[in-house]
Amino acid sequence: MRDCGIDPARVTALKAREDARFAREHQRCRALLERARGSMPNGVPMSWMVSYNDHPPVFVVEGHGARFSCADGHAFLDTNIGDKSTFCGLDPEPVVRAVAARAAAGWQFLQPTEDAAEVAEELARRWGRPYWQFTLSATQANVEAVRLARHATGRDKVLLFAGNYAGHADELLVSYGGGGLREPYLGLASRSYGDVGLIDFNDVAALERALATREFACVVSEPALTNVGVVLPDPGFHDALRALTREHGSLLVLDETHTLICGPGGLTGRWALDPDVVVAGKAIGGGVPLGAYGMTEELAEVFVSGRGRDGREGELATGGTLFGNGLSMAAARAALTEVLTDETYARTAALGARLADGIEGLARGAELPWAVHRLYARSGWSLCGRLPRNAREADEDAWPEFSALQQVYLANCGVWEAISSAGPAVSAAATAADVDEYLAALGGLVTELV
Ligand SMILES: Cc1ncc(COP(=O)(O)O)c(C=O)c1O
């Protein structure tokens, strides 16, 4: 961590004060956590729930619009938006209505419902990839996209950019936890490292060298990295990525799981990108579990015929019993047609800009060297005055103790801050007053620090 004008001793002292306050004010949540430790490792149903905040988790009672409340009766303005999964809001009325209607008529048949066709057609219209398949999560969609690429190209390996998170499948996690940036995740098969090539985002020369080996079935990447703060592509990077993948016979899989909050067709639409496969998840089902991947006509032909480049024929490995279930598809239809509208994207982008302007103003007022990034509904800052060009730079600029203080300080102000690798974002339910509330809380922290 480079010097950024904030005294580390002040951070430590404030953190101790805010941790004590959080503990005092969340005694019922703490009791629930203690009880749950008797039946779930770490006391939570999914262990990541305790590791993405330094302070303890809260047990949620209910959520409406842009706010949820915990078992201790505290309400939080949600700027984490479920790591983008609740971009539609916490209880979007059209999705609630569609889910209730579907639930009343049964939802799991292992047969399609008409909603599936509606959703596939709408996704095709938005992303310009004509054929779609569904899973229950973005991870599973990425796994199937990679299998399709392997079969279509007759190659095994996957090329990833360090810091690109594409889900919790073994080989996909190599780029996030095991690429030398931070401690590798435990439990990954050691052979996963051999299945993956790893290079820096925005490094066209390394990309060319890797693809020229003609070992890679595909490159899997987000259009902009969003899980190490935000790393934007250099001008021309996407053109090079597309040209080089084509030249060397690798497919391009763009994962829009997070960036679909940027526009109706994600950044593919905003930046006129041309991937072979698009992956989506999280908010696409309005918060109800759903993953999706869209493909070109040519790949759909491989998919249906089962005939790949290596001459083998058969059935592509896909599927899960609950994938494409009626509930998820009903939720997605309502989310896409009634919540994720052009008007919503225009409004949330404007709120994201208000957030970025406000953060810039705070930093300027306190003479802090923060560099602010803007990504439509999401904004954030780098503490050290540069916008990172790859995950290595993002890691150099990260200050985990500061992020931990920021999270607990804001929680004590009634603002649920984003996980530290992300940054605040607004949902379709947020208002300008919500953005100003976030800025007031952050401003309080800045005043105490500087
Ligand atoms: C870009 C991206 N792709 C895929 C995933 C995996 O999503 P899920 O955990 O819902 O499978 C994530 C999760 O954070 C993500 O950020």
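All of these numbers come straight from a predicted model, not from anything done at the bench.

Trainee: I keep staring at the overall build of the protein chain and nothing clicks. Help me out?
Mentor: When helices and strands are tallied, the protein chain shows 17 helices and 13 strands. By the compact-globule yardstick of 22 Å for 450 residues, the protein chain fits well, its C-alpha radius of gyration being 22 Å. Each principal axis of the C-alpha distribution contributes one length, and for the protein chain these read about 65 × 55 × 45 Å. For the protein chain, with 450 residues in total, the buried portion stands at 56%.

Trainee: Sorry, what's going on with the site of the ligand here?
Mentor: Surrounding the ligand, one finds 14 residues, the nearest of these being Thr-139, Asn-227, Asp-255, His-258 and Lys-282. Here an oxygen atom of the ligand sits 2.6 Å away from a polar atom, N or O, in the side chain of Thr-139. Separating an oxygen atom of the ligand from a side-chain N or O atom of Asn-227 is a distance of 2.9 Å. By residue number, the principal contributor to the shell around the ligand is helix H6 (residues 138–153), which donates 3 residues. Split into classes, the residues belonging to the shell around the ligand amount to 3 nonpolar, 7 polar and 4 charged.

Trainee: So what exactly am I meant to see when it comes to the layout of surface pockets here?
Mentor: In this approach a probe as big as a water molecule rolls over the atoms, and the regions it shows empty are the leftover space. If you add up the space inside the second largest pocket, you get close to 280 Å³. Of all the secondary structure elements, the ones that give two or more residues to the lining of the second largest pocket are H6, helix H10 (237–247) and helix H12 (297–305). Among the residues making up the lining of the second largest pocket, the classes are represented as 4 nonpolar, 6 polar and 6 charged.

Trainee: Please clarify how a nonpolar patch on the surface should be interpreted in this entry.
Mentor: A contiguous nonpolar surface patch, about 260 Å² in accessible area, is contributed by Met-46, Trp-48 and Met-49. Mapped onto the secondary structure, Trp-48 falls in helix H3 (residues 48–51).

Trainee: Got a minute to help me understand helix H14 (residues 342–365) in this structure?
Mentor: Think of an α-helix as turning once every 3.6 residues; residues three or four places apart then point the same way. The terminal C-alpha atoms of H14 lie 35 Å apart, and with 24 residues this matches the ideal 34 Å at 1.5 Å per residue to within 8%. Those residues of H14 that fall on the buried side of the exposure criterion are Thr-344, Tyr-345, Thr-348, Leu-351, Gly-352, Leu-355, Ala-356, Gly-358, Ile-359 and Ala-363. Of the surrounding elements, those touching the buried residues of H14 are helix H5 (114–127), helix H11 (266–270), helix H13 (326–339), strand S11 (371–375), strand S12 (378–382) and helix H17 (432–449). One or two residues past the end of H14 sits Glu-367, with phi positive at roughly 55°.

Trainee: In this structure, what is going on with the packing of H6 against H12? I would like to understand it.
Mentor: The description of two packed helices rests on the angle between their axes and on the distance between the axes. For the pair H6 and H12, the least separation of the axes is 10 Å and the interaxial angle reads 85°. If you check the angle between H6 and H12, you find them roughly perpendicular. In this structure, H6 uses Leu-148, His-151 and Ala-152 to contact H12, whose residues at the interface are Leu-299, Val-302 and Phe-303.

Trainee: Would you mind showing me how to read the pairing of strand S7 (residues 216–221) here?
Mentor: Two faces, one strand: in a regular strand the side chains alternate between the faces of the sheet. For S7, the buried fraction is high: 6 of the 6 residues fall into the buried class. Examined bridge by bridge, strand S5 (residues 157–161) and S7 share 4 bridges and lie parallel to one another. Across the sheet, the residue bridging to Leu-159 is Val-219, located in S7. In this structure, S7 lies alongside strand S8 (residues 251–255), joined through 4 bridges in parallel fashion. Each residue of the ladder has a partner; that of Cys-218, found in S8, is Leu-251. With respect to chirality, the unit in which S7 leads through H10 into the neighbouring parallel S8 is right-handed.

Reading guide: rules and limits
- Residues numbered from 1 in each chain as written.
- Predicted model: local features only at pLDDT ≥ 70, side-chain atom pairs only at ≥ 80, totals over all residues.
- Heavy atoms only, no water.
- Helix = DSSP H or I, 4+ residues; strand = E, 2+ residues; numbered from the N terminus.
- Rg over C-alpha atoms; globule rule 2.2 N^0.38 Å.
- Buried < 20%, exposed > 50% of the residue type's maximum accessible area, 1.4 Å probe, protein only.
- Near = heavy atom within 4 Å.
- Polar contact = N/O pair within 3.5 Å; in protein donor to acceptor, adjacent residues only side chain to side chain.
- Nonpolar A, V, L, I, M, F, W, Y, C, P; charged D, E, K, R; others polar.
- 1 Å grid on protein atoms, 1.4 Å probe; cavity = no way out; pocket = protein on both sides within 12 Å on 5 of 7 lines; lining within 4 Å.
- Points joined across faces, edges and corners; volume = space filled by probe spheres on them.
- Patch = residues over 30% accessible without salt bridge, like charges linked within 9 Å, V, L, I, M, F, W, Y side chains within 5 Å.
- Areas by Shrake-Rupley, 256 points an atom, 1.4 Å probe, with all protein chains shown as cover.
- Salt bridge = Lys/Arg side-chain N within 4 Å of Asp/Glu carboxyl O.
- Expected span 1.5 Å × (residues − 1).
- Contact = heavy atoms within 4.5 Å.
- Axes fitted to C-alpha atoms, helices over the stretch in contact; angles between N-to-C directions.
- Parallel < 35°, antiparallel > 145°, perpendicular 65-115°, else oblique.
- Pairing = 2+ DSSP bridges.
- Right-handed = clockwise from strand over helix to strand, strands pointing away.

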